[in-house]
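These are the residues of each chain, in order.
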Amino acid sequence: MPSAENQQQLDIAAERAKCTFDPSQLTALFYGGEEKMKRLKAIEAMVDAEPVFDRSDRYFLGRTERFKRALPMVKRYVELRNEHGLTPEEAAHFKVYIDDYIPVHLHESMFLPVLRAQASEEQLKVWGPHAENYHYIGCYAQTELGHGSALSRLETTATLDLATDQWVIHSPTQSSAKFWIGTLGKMANHAVVQAKLIIQGKDYGAHPFLVPLRSLKDHTPLPGVIIKDQGPKQGAISMDNGYARFNHVRIPRTNMLMRFSQVSREGVYSKPIHPKLAYGGMTAVRTTLINHSALSMARAVTIATRYCAVRRQGNVNLKTDLETQVLDYPAVQYRILPLLSHAFATIFSGYWMNE
């Protein structure tokens, strides 16, 4: 009789032999096509070849240890991204395959997309190189302690001072604190801050502003910027979520992201051709969440399916003297197989949404 380990290998092989189609074709479809799969598989091999991305000990580490360990991951990731000229999509896959929340995850998944979508061409010429090359490390500060992501309820204000040609960014209450902002706790030196735009007492609603947070010389918070690291949390424990309040922080008028809305030196506000354009950057970000949820579901259901194929429990077959594979119980199939199909449906929905 084979050992338990050998029996598990036999069980997996027997299950795979029952397949009625070519799994490689489905794999390519899951990745988004044969050519795309080859590129992404090459990126996966690139990650596997780097010892800095080893994650075998992650569950033995505390939050501080994982955060410190993630910093060389960030450095090596940026080096490889630049060396191989990875596209934003390929870079995103690289980070997904690392399978750890590196502390600058929100820089590329939220700060950069919003900057690219909402900043004017002139602003991107100035800010873009710094942001793309990690001289600026950014976060996206929309969520507030008292209001979540309810954009119309945000309290943080950006009031135009016509005399100095500056915006005054201010958190008037405790509930207006920007809260649970990824990359803010330790890493970010800039933020795209959603704040109510106010000119001569008139509220024009929430708009995005580029706000420096920390000194580029010694990384200390700038005057008027109060930042707290929110500490350990379940799950993404190497992500440095943070809390921030602004005490009359002054930034240039031109730090308002002005692709769709503009404010002149005279304080004249020009509204966008459509009020929903300001949501474009976040809409693009949120479509990627569909794919991320599908990948998480696919990973979980793959682990569950493989385990149920090799785990034997219950009725004994008198011919083989083996207990029944758990995967053969209808109650287990009822729970697992719909999730398997759901993972495929979700990944394809994500591709459609991105298009």
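Our subject in this report is the structure included herewith. Here the structure is a predicted model, which is why all the values come from computation and not from measurement.

### What about the side chain of Ser176?
Here's step 1: Its location among the elements puts Ser176 in the loop between strand E3 (166–170) and strand E4 (178–181).
Here's step 2: On the basis of relative accessible area, Ser176 is assigned to the buried category, the value being 0%.
Here's step 3: Filtering out sequence-adjacent residues up to four positions away, Ser176 remains in contact with Glu144, Glu155, Thr156 and Ser171.

### A word on the packing of helix H4 (residues 63–84) against helix H5 (residues 88–98)
Here's step 1: At their nearest, the axes of H4 and H5 sit 11 Å apart, and the two run at 150° to each other. The two elements H4 and H5 meet at a crossing, and its hand is right-handed. Residues Met73, Tyr77, Leu80 and Arg81 of H4 lie in contact with H5, whose contacting residues are Ala91, Phe94, Lys95 and Ile98.

### Topic: helix H9 (residues 330–354)
Owing to its 3.6 residues per turn, the α-helix aligns residues three or four sequence positions apart on the same side.
Here's step 1: Between its terminal C-alpha atoms H9 stretches 36 Å, which fits the 36 Å expected from 25 residues at 1.5 Å a residue.
Here's step 2: Listing the buried residues of H9 in full gives Val332, Ile336, Ala343, Thr346, Ile347, Gly350 and Tyr351.

### With respect to the packing of aromatic side chains
Here's step 1: Enumeration according to the criterion identifies 7 aromatic pairs in this entry.
Here's step 2: On the numbers, 5.5 Å between centres and 80° between planes, the contact of Phe53 with Phe94 is edge-to-face. Placement of the pair is Phe53 in the loop between helix H3 (34–48) and H4 and Phe94 in helix H5, with a sequence separation of 41 residues. Grouping residues by exposure puts Phe53 and Phe94 together as buried.
Here's step 3: Considering the side-chain rings of Tyr77 and Phe94, the 5.3 Å spacing of their centres and the 55° angle between planes classify their relative orientation as tilted. With Tyr77 in helix H4 and Phe94 in helix H5, the pair connects residues that are 17 residues apart, well separated along the chain. The same class applies to Tyr77 as to Phe94, namely buried.
Here's step 4: An aromatic cluster is present here, built from Phe30, Phe344 and Phe348 joined pairwise through their rings.
Here's step 5: Its guanidinium or amino end placed over the ring of Tyr97, Arg55 lies 5.8 Å from that ring's centre, counting from NZ or CZ.

About the criteria used
- Residues numbered from 1 in each chain as written.
- Predicted model: local features only at pLDDT ≥ 70, side-chain atom pairs only at ≥ 80, totals over all residues.
- Heavy atoms only, no water.
- Helix = DSSP H or I, 4+ residues; strand = E, 2+ residues; numbered from the N terminus.
- Buried < 20%, exposed > 50% of the residue type's maximum accessible area, 1.4 Å probe, protein only.
- Contact = heavy atoms within 4.5 Å.
- Axes fitted to C-alpha atoms, helices over the stretch in contact; angles between N-to-C directions.
- Left-handed = near helix turned anticlockwise from the far one by under 90°.
- Expected span 1.5 Å × (residues − 1).
- Phe/Tyr/Trp six-rings, centres within 6.5 Å; stacked < 30°, edge-to-face > 60°.
- Lys NZ or Arg CZ within 6 Å of the ring centre and 35° of its normal.

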